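Given next are the chains, with one letter for each unit.
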Amino acid sequence: MSSYSGLEVEQVALEAARDGWDSKVEYFLAQVGFSVGLGNVWRFPYLCHQNGGGAFILLYVLLMGLVGVPLFFLELAAGQSIRQGSIGVWRHISPKLVGIGYTSCVVCFFVALYYNVIIGWSIFYLGSSFQYPLPWENCPTEGNDTVKECAASSPTAYFWYRKALDITDSIDETGEFNPIITGCLLAAWVIVGLAMYKGIKSTGKVMYFSSVFPYVVLLCFLIRGVTLDGASEGIKFMFYPRLEIWADVQVWRQAATQVFFALGLGFGSVIAYSSYNPRNNNCHRDAFTVSGVNFMTSVLATLVVFAVLGFRAKTIATECVKRSVKMICECLILKHIIMPEVPYMYIFQKRYDVYLYVCVCYSNVKAGVEGTGLAFIAFTEAMTLFPGSPFWSALFFLMLLNLGLSTMFGTMAGILTPLTDTFKTLRNHKLLFTACSCVVGFLIGLTFTQRCGNYFVTMFDDYSATLPLIIVVIFQTISVAWVYGADRFLEDLKRMLDRPVPVVYKYLWKYVCPAAMLGLLGASLLKMILERPTYTAWNREKASKENLPYPDWALAVLSALIIVAFLPVPIGYIHFLLLERLGQSPADAEAGYVPCATTDIDLTPLGTLPPSGDDPNSFPPLLHENHGSRLQNGHIEHFESSNEL
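Residues numbered from 1 in each chain as written. Predicted model: local features only at pLDDT ≥ 70, side-chain atom pairs only at ≥ 80, totals over all residues. Heavy atoms only, no water.

This paragraph deals with the overall build of the protein chain. Check the secondary structure of the protein chain and you find 29 helices and four strands. Among the 645 residues that make up the protein chain, the fraction classed as buried is 57%. Intrachain contacts of the protein chain at a sequence separation of at least 6 include 81% that bridge at least 24 residues. For the protein chain, the exposed surface amounts to about 26,800 Å²; the carbon and sulfur share of it is 65%. (Helix = DSSP H or I, 4+ residues; strand = E, 2+ residues; numbered from the N terminus. Buried < 20%, exposed > 50% of the residue type's maximum accessible area, 1.4 Å probe, protein only. Contact = heavy atoms within 4.5 Å. Areas by Shrake-Rupley, 256 points an atom, 1.4 Å probe, with all protein chains shown as cover.)

Taking 1.5 Å per residue, 14 residues should reach 20 Å; helix H14 (residues 249-262) reaches 20 Å between its end C-alpha atoms and fits that length. When we look at burial in H14, the residues that qualify are Val 251, Arg 253, Ala 255, Thr 257, Gln 258, Val 259, Phe 260 and Ala 262. Phi for Gly 264, located one or two positions after H14, is positive at around 70 degrees. (Expected span 1.5 Å × (residues − 1).)

Scanning all chains against the criterion turns up twelve salt bridges. In this structure, Glu 26 engages Lys 205 in a salt bridge whose closest nitrogen and oxygen atoms are separated by 3.0 Å. Residue Glu 26 is located in helix H2 (residues 24-35), and its partner Lys 205 is located in helix H11 (residues 200-210); the two are separated by 179 residues in the primary sequence. Using a relative accessible area of 3% as the deciding quantity, one classes Glu 26 as buried. When the shortest N-O distance is used, the salt bridge between Arg 532 and Asp 552 registers 3.1 Å. Of the two residues, Arg 532 is situated in the loop between helix H24 (504-530) and strand E3 (534-539) and Asp 552 in helix H25 (residues 552-566); the sequence distance between them amounts to 20 residues. Note on Asp 552: relative accessible area 59%, which makes it exposed. Via salt bridges that share partners, Glu 149, Arg 162, Asp 166, Arg 451 and Arg 540 belong to a single interconnected network. (Salt bridge = Lys/Arg side-chain N within 4 Å of Asp/Glu carboxyl O.)

Here we come to the UniProt feature "binding site: Na(+)" (unreviewed entry) in the protein chain. In this numbering, the UniProt entry assigns the feature "binding site: Na(+)" (unreviewed entry) to Gly 33, Val 36, Asn 40, Asn 294 and Leu 403. Spanning 371 residues, the named residues form one tight spatial group whose C-alpha atoms are at most 12.4 Å apart. Position of Asn 40 among the secondary structure elements: in helix H3 (residues 38-42). The exposure class of Asn 40 is buried, given its relative accessible area of 2%. (UniProt positions renumbered as here; feature names shortened; annotations may be inferred.)

Before going further, it helps to examine the packing of aromatic side chains. Scanning all chains against the criterion turns up 47 aromatic pairs. With centroids separated by 5.0 Å and ring planes inclined at 35 degrees, the aromatic side chains of Tyr 125 and Phe 397 adopt a geometry described as tilted. With Tyr 125 in helix H7 (residues 98-128) and Phe 397 in helix H19 (residues 389-422), this pair connects stretches of sequence that are 272 residues apart. According to the relative accessible area criterion, Tyr 125 is buried, its value standing at 0%. According to the relative accessible area criterion, Phe 397 is buried, its value standing at 0%. Note on Trp 136 and Phe 397: the rings are 6.2 Å apart at their centroids and 75 degrees apart in plane angle, and the pair reads as edge-to-face. (Phe/Tyr/Trp six-rings, centres within 6.5 Å; stacked < 30°, edge-to-face > 60°.)

The next subject is the state of the cysteines. For the structure shown, the criterion picks out one disulfide. Across the disulfide, Cys 139 is cross-linked to Cys 150 (sulfur-sulfur distance 1.9 Å). Disulfide Cys 139 to Cys 150: torsion about the S-S bond roughly -85 degrees, handedness left-handed. One end of the pair, Cys 139, is in the loop between H7 and strand E1 (141-142); the other, Cys 150, is in helix H8 (residues 148-151), and eleven residues separate them in sequence. Residue class for Cys 139 comes out partly exposed when judged on its relative accessible area of 24%. On the basis of relative accessibility, which here comes to 2%, the residue Cys 150 falls in the buried class. Free of any disulfide, Cys 105 has its nearest cysteine sulfur in Cys 108, 6.6 Å distant. (Disulfide = S-S within 2.5 Å.)

The next point concerns the packing of H7 against helix H23 (residues 466-497). If you want to describe how two helices pack, look at the angle between their axes and the distance between the axes. In the contact formed by H7 and H23, the axes pass within 10 Å of each other and the chain directions differ by 155 degrees. By the angle between their directions, the pair H7 and H23 is classed as roughly antiparallel. The handedness of the crossing between H7 and H23 comes out as left-handed. When H7 is examined against H23, the residues Ile 100, Thr 103, Ser 104 and Val 107 are found in contact with a partner set consisting of Pro 468, Leu 469, Val 472, Phe 475 and Gln 476. Residues belonging to the contact of H7 with H23 are distributed by class as follows: six nonpolar, three polar and no charged. (Axes fitted to C-alpha atoms, helices over the stretch in contact; angles between N-to-C directions. Parallel < 35°, antiparallel > 145°, perpendicular 65-115°, else oblique. Left-handed = near helix turned anticlockwise from the far one by under 90°. Nonpolar A, V, L, I, M, F, W, Y, C, P; charged D, E, K, R; others polar.)

Here it is as structure tokens:
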């Protein structure tokens, strides 16, 4: 009994030395801030619009419950139990799988590169909002004539493509750097660096504003939006269920992908944040709470978007009708007063052209808008119709800025936490490592501030993360459910949480989640193989968007992104086999899951740390003398047997 008490005291002392959240509120806001991002505002509403409205929401909820919440709970539980970043977690599950953690870090780095560019765009629009009238409200003029490109498109589209991005006609035309966007990107990285320089101690404080403020803005926009003429039509169009879309495989793929990215699965950020929790935190409840908040935020954002876009649609349609009536009247005057000899067929043809014009207006309104097209063109255009438009514009882009930053903080945690947990040199120079990471991110991010940079943002967004993350989640689910064992994992969680975990998770982790993720992987691969990847370009002469196929060199780049991101998984496995063959790797007959009490490295002697990448044989003294029994029975089971003695 005394032996166990001494071990328990040492374990508590080790855990106390690791950084932790100052309060549960900070942790909750951090998890919500990471999972609730720009995709909730500009991706989810588009998917609902394009895929059956209310029917898509029902499908999304189904997949969230069967796949999203179980996988989210798995990551929360693994991080909280092992108290390490993603690299340390999967090394403790099985040293063969350490590459999973490194792949998560690589993907986080790719995402951070382009995500901060989007934050830079938000900073640019936020700064431009303090003008009246807004600079994208009217077309500029050259002499006495309106700029042709703007007249042929719209003021908001012209401002986005020509003033903000000064975009080229294709990805092949590189062009010079955009100095304004480069400055905004620098500002974005400075903000991220300042928020991350003390780890979760500084990030947690920032989350009180960056995670809460977007909800204040969304509620303000909802209250304002529902009072607008046409808002009800927009909301009805949004939620009208079209259940026939459930027969479309691509709709299932899109819903599963949205669930996947909405919760931030595979990034390692969920694991990193939960690793700073006390061991008895109820992560099962957290999984449902954060997932529920995430879903409700998506619905709230959808209500706001379609209320505002419904108002925009009705306003545009009304203007179309006014112009059409005017054209018909002109035709009648032309016939009866000025040119009575003109045949009636001419008038009918004119009327046909007018009605066709109205139909074109309506079709443009009904066309789905997502991503930057929603945030920087459609929604921006709608806000120019608001009284006091600069105020609403500043509010909107400040919301986008905070949504992006809160997700960016989690993404950076997915890089910094596992690497500082693994490598002593980085542990001892956390501040320098954080600063260097931001500098490197800015320098590589200059690729996205070229005139063709928007096309590279699209490439990274579409291909650098999706496939590698799906593969990561498949591997981590199989490693827990099959390699380590779902029953053992549930038993560990029962002891950690001091309450039983529903046995349904065993079947979800072993069968439902892997099957769903394999299906998603197959559908994504088929889409890439059967359809040549394309991107949306802006044609300056036509003043319109067009879909262009990626050139061969761009296909090589996006293929390299996928390969580089996934490469750590096989490299980690091969590295383990080589060490094992040389007799330098611990036996791994069973997965040696070690819910160790790692500490904040700056405060802990090196000898008390868990196995590091530099020495796979090293074990903390707490576990070293019982290493053999741990491999046979599991660390927690050994403690329990000691207690019985």
